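Working through the structure, step by step
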Amino acid sequence: MKSLPQQPLSLIERACLIGHIIAMAFGLAGLLYVLPRPDLIASLPPIGIQFFQWSMGQGGVGYIILGAAAVALYLARVLGWQRMLLFFLPSVGLSLGSELLGTSTGFPFGHYHYLSGLGYKVAGLVPFTIPLSWFYMGAVCYLLVMVGLERLNLPGLLRQAGAVVGGAVLLMAWDLVLDPAMSQTSLPFWEFEEIGEFFGMPYRNLSGWVATGMVFMSVAALLWRGQRLNLTRSQLTVPVIVYLVNFAFGAAITVFSLDPGFLVPTMMSVAIGVLPAVLLWAIAPTEAPNAESAETEPLNAPPMEVVAK
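Residues numbered from 1 in each chain as written. Predicted model: local features only at pLDDT ≥ 70, side-chain atom pairs only at ≥ 80, totals over all residues. Heavy atoms only, no water.

The name that an unreviewed UniProt entry assigns to the protein is Carotenoid biosynthesis protein, with the source organism given as Limnothrix redekei LRLZ20PSL1.

Dropping the structure here:
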């Protein structure tokens with residue numbers, strides 16, 4: 001597929017990433033500082049109150065759309081539009097199917113339902129933004145693990161399997177802080193309809209996250225036909241930033257809005273999510289491998305171009 005000029009694409013991607021971060025920062029300020037102070041809200045002029053109500057109602061939609069746009073443009077820039085679409089379509093389609101099944105039957109996440117604040121609900125059940133969040137966080141998790149495993153020169157099938165499992169675990173680690181932040185604070189976006197055994201979350205919610213991530217990452221890996229990524233550390237900067245800021249958003253709400261016991265899942269998220277993500281970024285090569293010496297897989301399709309920054 002024909003690529004857009006890299007400079008405009010990079011500028012749009014950067015603007016979306018900055019907007020994603022700013023939207024989360026404003027959301028944190030509203031949830032942690034303004035919302036607990038009704039006197040502060042009451043002191044605002046009418047237009048200020050309207051803006052605050054609008055921002056609290058639409059902020060979740062905005063930061064997810066901006067995050068998905070930033071990662072989609074990033075993938076298109078460094079891997080090409082074809083690979084981006086071959087990850088986007090299964091991740092959005094399969095995660096939406098998993099969420100629709102979960103909200104209808106309780107499998108695989110447990111019995112729960114979505115409240116307002118995350119946009120239009122598909123079939124009246126799942127906000128359209130939810131599969132977008134699966135896409136952009138799933139993509140950065142998969143890339144970080146895949147590039148890290150490429151440094152070990154593992155056989156192709158073992159490398160692919162490791163990237164799928166490891167990427168799904170990184171994704172689940174993020175949920176350890178996301179779920180309490182989004183379901184148990186004063187302004188929840190979804191609710192569990194049962195008492196969860198693990199800090200209010202059912203254990204099968206965590207296994208459901210891993211399973212859903214593994215399914216769509218496996219499909220994307222098959223569609224990518226096992227080709228190596230050969231990305232450098234600088235090219236992985238966007239994925240590691242996206243992972244860390246999304247962790248920080250959930251962790252800040254969880255730690256400051258809930259009781260001290262929630263430090264346990266937060267530290268677990270650091271141990272199995274944040275630290276591995278940073279390590280995987282750190283061990284990525286600083287320079288792209290020589291094209292003549294890079295390992296190629298026995299594929300029936302021509303390799304897709306990887307564009308450096």
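1. Some details on the overall build of the protein
Applied cut-off: A run of H or I in DSSP becomes a helix once it reaches four residues, and a run of E becomes a strand once it reaches two; helices and strands are each numbered from the N terminus. C-alpha atoms define the radius of gyration in this analysis, and the globule rule sets the expected value at 2.2 Å times the number of residues to the power 0.38. Burial here depends on accessible area, computed with a 1.4 Å probe over protein chains only, as a share of the maximum for the residue type. Under 20% is buried, over 50% is exposed, and the range in between is partly exposed. Residue contacts are counted whenever heavy atoms from the two residues lie within 4.5 Å of one another. Each accessible area value is a Shrake-Rupley result obtained with a 1.4 Å probe; residue values ignore everything except the protein chains displayed when judging cover.
Across its full length, the protein holds nine helices and four strands. Start at the N end of the protein and walk to the C end: the helices and strands fall as α-α-α-α-β-β-β-α-α-β-α-α-α. For 309 residues, the compact-globule formula gives about 19 Å, and the C-alpha radius of gyration of the protein, at 20 Å, lands near that figure. C-alpha atoms of the protein, sized along the principal axes, occupy 65 × 40 × 35 Å. Per-residue burial over the protein gives 50% buried out of 309 residues. Sequence-distant contacts in the protein: of pairs separated by 6 or more residues, those separated by 24 or more amount to 80%. As displayed, the protein offers around 14,000 Å² of accessible surface, 70% of which is attributable to carbon and sulfur atoms.

2. Structural notes on helix α9 (residues 263-282)
Residue pairs spaced three or four apart in an α-helix point in one direction, given the helix's 3.6 residues per turn. Let me state the cut-off plainly: Each residue is assigned a bend, namely the angle between axes fitted to the seven residues that terminate at it and the seven residues that start at it.
At Val270, α9 shows its largest bend, some 40°. Of the residues making up α9, those classed as buried are Pro265, Thr266, Ser269, Val270, Gly273, Val274, Ala277 and Leu280. Turning to α9, the residues buried within the fold contact α5 (129-150), α6 (156-183) and α8 (237-257).

3. Observations regarding the state of the cysteines
Here is the rule: Two cysteine sulfur atoms make up a disulfide if the distance between them is within 2.5 Å.
Counted according to the given criterion, the structure contains zero disulfides. Of the cysteine sulfurs around Cys16, a residue in no disulfide, the closest is that of Cys141, at 20 Å. A relative accessible area of 13% places Cys16 in the buried class. Residue classification places Cys141 among the buried positions, given a relative accessible area of 0%.

4. As for helix α3 (residues 46-79)
Just so we agree on the cut-off: Here, expected helix span is obtained from the residue count minus one, scaled by 1.5 Å.
Counted at 1.5 Å a residue, the expected span for α3 with its 34 residues is 50 Å, and the 48 Å between its end C-alpha atoms agrees. Its axis deflected by about 50° at Gln58, α3 carries its strongest bend there. Immediately downstream of α3, the backbone of Gly80 shows phi near 100°, a positive value.

5. Considering the packing of α5 against α9
The criterion, for reference: Think of each axis as a best-fit line through the C-alpha atoms, taken over the contacting stretch in the case of a helix, with angles from 0 to 180 degrees between the N-to-C directions. If an angle is under 35 degrees, it is roughly parallel; if it is over 145, roughly antiparallel; if it lies from 65 to 115, roughly perpendicular; otherwise it is oblique. Should the near helix be turned counterclockwise from the far one by less than a right angle, the crossing is left-handed, whereas a clockwise turn marks it as right-handed. Gly counts as polar in this scheme, as do all residues outside two lists: the nonpolar Ala, Val, Leu, Ile, Met, Phe, Trp, Tyr, Cys and Pro, and the charged Asp, Glu, Lys and Arg.
Running from amino to carboxyl end, α5 crosses α9 at an angle of 50°, the nearest separation of the two axes being 9 Å. As the angle between them shows, α5 and α9 are arranged oblique. Crossing hand, α5 versus α9: left-handed. Each of Leu144, Val145 and Gly148 in α5 lies in contact with α9, whose residues at this interface are Ala277, Leu280 and Trp281. For the contact of α5 with α9, the class distribution of residues is five nonpolar, one polar and no charged.

6. Some words on the UniProt feature "transmembrane region" (unreviewed entry) in the protein
Our working definition: UniProt positions are given in the numbering used here, feature names are shortened, and annotations may be inferred rather than shown by experiment.
In the UniProt entry, the feature "transmembrane region" (unreviewed entry) is given for residues 12-35, 55-76, 83-102, 122-145, 157-177, 206-224, 236-256 and 262-283. Between the first and last C-alpha atoms of residues 55-76 the distance is 30 Å; the span itself is 100% helix and 0% strand. The span residues 236-256 is 95% helix and 0% strand, and its two end C-alpha atoms sit 30 Å from each other.

7. A few points about the pattern of salt bridges
Here is the rule: Here, a salt bridge means any side-chain nitrogen of Lys or Arg that lies within 4 Å of a carboxyl oxygen of Asp or Glu.
The tally for this structure, following the rule as stated, stands at two salt bridges. Between Arg77 and Glu13 there is a salt bridge, with its nearest N and O atoms 2.5 Å apart. Residue Arg77 is located in helix α3, and its partner Glu13 is located in helix α1 (residues 6-34); the two are separated by 64 residues in the primary sequence. Judged by its relative accessible area of 4%, Arg77 falls in the buried class. Between Arg204 and Glu194 there is a salt bridge, with the nearest N and O atoms lying 2.9 Å from each other. Taken together, the residues Arg204 in helix α7 (residues 203-224) and Glu194 in the loop between β4 (190-192) and α7 connect sequence positions 10 residues apart. For Glu194, a relative accessible area of 23% puts it in the partly exposed group.

8. Looking at the confidence of the model for the protein
Threshold: The pLDDT value tells you how sure the predictor is about a given residue, anywhere from 0 up to 100.
Confidence in the prediction of the protein, expressed as mean pLDDT, is 89, and 91% of residues score 70 or more. Averaged over each element, pLDDT in the protein is lowest for helix α2 (residues 38-42) (81) and highest for strand β3 (residues 126-127) (98). In this model, residues 291-309 is a region of pLDDT below 50 whose contacts with residues beyond four sequence positions or in other chains number 38 contacts.

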